[in-house]
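Here's the letter readout for the chains.
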Amino acid sequence: MNELLTIAAPDLLDKRREWLESLRDERRLSANTLDAYERDSRQFLSFLTGHLGGPARIADIHTLRTGDLRAFLAFRRRQGAGARSLGRHLAGLRSFLRYLERQGLVNAAAAGAIRAPKQPKSLPKPLTDRQAIAVVAAETQLHDEPWIAARDAAVLTLLYGCGLRISEALGLRPTDVQPRDTVLRVTGKGGKTRIVPLLPLVIEAVETYRTLCPYVLAPDAALFRGARGGPLQPAIIQRGMQKLRGAFGLPETATPHALRHSFATHLLAGGGDLRTIQELLGHASLSTTQIYTGVDSARLLDVYDRAHPRA
């Protein structure tokens, strides 16, 4: 606390503490996010100490201009902060200033007038075709209960074989997947419905699970069940995938969602066109789907670097 008093007056430090507590108790932000906001706000107050020539007070925050906030972001950029860190700095400052504004202490307009730095697009991390086939197989699931192993295999097969999001797979009803079906109607983000082909392998995986499942699968209930019979939660599949990463030596990026990335990337590598892949994934914009062209190009360059004798 004594160290903090050198960068801000007690009245401002008290409000900062109240703001962080509200983020923890009311907004339920994660511990990592809270730590980041605490650190970011401390760095901002430390910057203001030099910028204003003394510990900042609430009155100083009230008179902040857009140029002052831009100066802080420029200062952090010179220290090596990237676009993601700068974006988080700005988000935290906006939250803090709006908290003070709601109490009638400051005007937060200056923070709202600044546009967040453009965030770099990171490429999805798909699995190779061999890795994907291995992790969706029933015999590789690390469960003693055969029906749970079959269940996890069916879910992962839907993610890879149909390009589903995990929420979409777990939202299916028993009537959505039938042995004679050739397509699957999926309700995705925004309540939009799309149609994807149902491969025989997907049907087989779901039917194996359905046969072994010890619970009655009512038509209007969840298709996939937890160990106690309730709807299966995403965290269960995510933990199962974590175990598979350890068993197969896969990277941390090998998550259930990576199977959806793998679906798109492998279709593109096999000659699928972007517009069709967009429809299969349920992307509202083609630009979202185009990111997979970068994945495929990066994969080809990696193969070239490793295989070409003059690379």
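Predicted model only: the values in this text are computed from it and were never measured.

Draft legend 1. Molecular detail of the UniProt feature "active site" (unreviewed entry) in the protein chain. Those places that UniProt annotates as "active site" (unreviewed entry) correspond, in this numbering, to Arg165, Lys189, His257, Arg260, His283 and Tyr292. Counting through the fold element by element, Lys189 comes out in the loop between β1 (183–187) and β2 (193–197). Leave out the neighbours within four places in its chain, and Lys189 touches Arg165 and Glu168. Secondary-structure assignment places Arg260 in helix α12 (residues 256–269). Exposure remark for Arg260: the relative accessible area of 3% places this residue in the buried category. Setting aside its immediate chain neighbours within four residues, Arg260 contacts Leu159, Gly163, Leu164, Arg165, Glu168, Arg194, Leu281 and His283.

Draft legend 2. Structural detail: the nonpolar core. Judged by nonpolar contacts, the single largest core of 49 residues is most densely connected at Leu127, Leu158, Leu164, Leu184, Tyr209, Phe224 and Leu259. With 10 residues, the single largest contributor to this core is helix α8 (residues 146–162). Apart from residues no more than four positions distant in its own chain, Leu164 is found in contact with Leu158, Leu159, Ala169, Leu172, Leu184, Val186, Arg194 and Arg260. Membership of the second largest hydrophobic core comes to 33 residues, among which are Trp19, Ala56, Ile58 and Ile114.

Draft legend 3. Molecular detail of the environment of Lys125. One can find Lys125 in the loop between α6 (109–112) and α7 (129–136). Distance from Lys125 to Pro251, taken between C-alpha atoms, is 9.6 Å for residues 126 residues apart in sequence.

Draft legend 4. Structural context of the packing of helix α1 (residues 10–25) against helix α2 (residues 31–52). Running from amino to carboxyl end, α1 crosses α2 at an angle of 160°, the nearest separation of the two axes being 10 Å. One way to sum up the angle between α1 and α2 is to call them roughly antiparallel. The handedness of the crossing between α1 and α2 is right-handed. The residues of α2 that touch α1, namely those facing Leu12, Leu13, Arg16, Trp19, Leu20, Leu23 and Arg24, are Leu34, Tyr37, Glu38, Ser41, Arg42 and Leu45. Residue classes in the contact of α1 with α2 are distributed as 8 nonpolar, 1 polar and 4 charged.

Draft legend 5. Molecular detail of the side chain of His283. Relative to the elements of secondary structure, His283 occurs in the loop between α13 (274–281) and α14 (286–289). Ignoring sequence-local partners within four residues, the contact set of His283 consists of Arg165, Arg260, Gln278, Thr288, Thr289 and Tyr292.

Draft legend 6. Highlighting the pattern of salt bridges. Enumeration over the complete set of coordinates arrives at 14 salt bridges. For Glu18, the salt bridge goes to Lys15, with nearest N and O atoms at 3.4 Å. Here Glu18 pairs with Lys15, and both are found in helix α1, just 3 residues apart, close to one helical turn. Glu18 gets classed as partly exposed once you look at its relative accessible area, which sits at 25%. When salt bridges that share partners are traced, they join Asp14, Arg17 and Glu21 into one network.

Draft legend 7. Local environment of the packing of aromatic side chains. For the coordinates displayed, the defined rule picks out 7 aromatic pairs. Seen from their ring centres, Phe47 and Phe75 are 5.3 Å apart, and the 35° between their planes marks the pair as tilted. Linking Phe47 in helix α2 with Phe75 in helix α4 (residues 66–78), this pair joins segments that are 28 residues apart in sequence. Of the residues examined, Phe47 reaches a relative accessible area of 12% and is grouped as buried. Overall, the relative accessible area of 27% leaves Phe75 in the partly exposed class. Aromatic side chains Tyr209 and Phe224 sit 5.1 Å apart centroid to centroid with 35° between the ring planes, which places their arrangement in the tilted category. Of the two residues, Tyr209 is situated in helix α10 (residues 200–212) and Phe224 in the loop between α10 and α11 (234–248); the sequence distance between them amounts to 15 residues. Comparing Tyr209 with Phe224 shows no difference in burial state: the two are buried. Over the ring of Trp147 we find Arg151, and its NZ or CZ is 5.7 Å from the ring centre.

Draft legend 8. Examining the packing of α2 against helix α5 (residues 83–102) more closely. Across the interface, α2 lies against α5 with an axial gap of 9 Å and an inter-helix angle of 85°. By the angle between their axes, α2 is roughly perpendicular relative to α5. Between α2 and α5, the contacting residues are Ala36, Tyr37, Arg39, Asp40, Gln43 and Phe44 on the first element and Arg88, His89, Ala91, Gly92 and Leu93 on the second. Its residues placed into classes, the contact of α2 with α5 shows 5 nonpolar, 3 polar and 3 charged.

Draft legend 9. Fine view of α5. For α5, built from 20 residues, the straight-helix expectation of 28 Å at 1.5 Å per residue is met to within 8% by its first-to-last C-alpha distance of 28 Å. Two residues or fewer after α5 comes Gly104, characterised by a positive phi angle close to 75°.

Draft legend 10. Just the side chain of Arg245, in detail. Along the chain, the position of Arg245 falls in helix α11. When sequence neighbours within four positions are dropped, the list of residues in contact with Arg245 reads Leu250, Pro251, Glu252, Ala254 and Thr255.

Conventions and cut-offs
Residues numbered from 1 in each chain as written. Predicted model: local features only at pLDDT ≥ 70, side-chain atom pairs only at ≥ 80, totals over all residues. Heavy atoms only, no water. UniProt positions renumbered as here; feature names shortened; annotations may be inferred. Helix = DSSP H or I, 4+ residues; strand = E, 2+ residues; numbered from the N terminus. Contact = heavy atoms within 4.5 Å. Buried < 20%, exposed > 50% of the residue type's maximum accessible area, 1.4 Å probe, protein only. Core = buried A, V, L, I, M, F, W, Y, C linked by side-chain atoms within 4.5 Å. Axes fitted to C-alpha atoms, helices over the stretch in contact; angles between N-to-C directions. Parallel < 35°, antiparallel > 145°, perpendicular 65-115°, else oblique. Left-handed = near helix turned anticlockwise from the far one by under 90°. Nonpolar A, V, L, I, M, F, W, Y, C, P; charged D, E, K, R; others polar. Salt bridge = Lys/Arg side-chain N within 4 Å of Asp/Glu carboxyl O. Phe/Tyr/Trp six-rings, centres within 6.5 Å; stacked < 30°, edge-to-face > 60°. Lys NZ or Arg CZ within 6 Å of the ring centre and 35° of its normal. Expected span 1.5 Å × (residues − 1).

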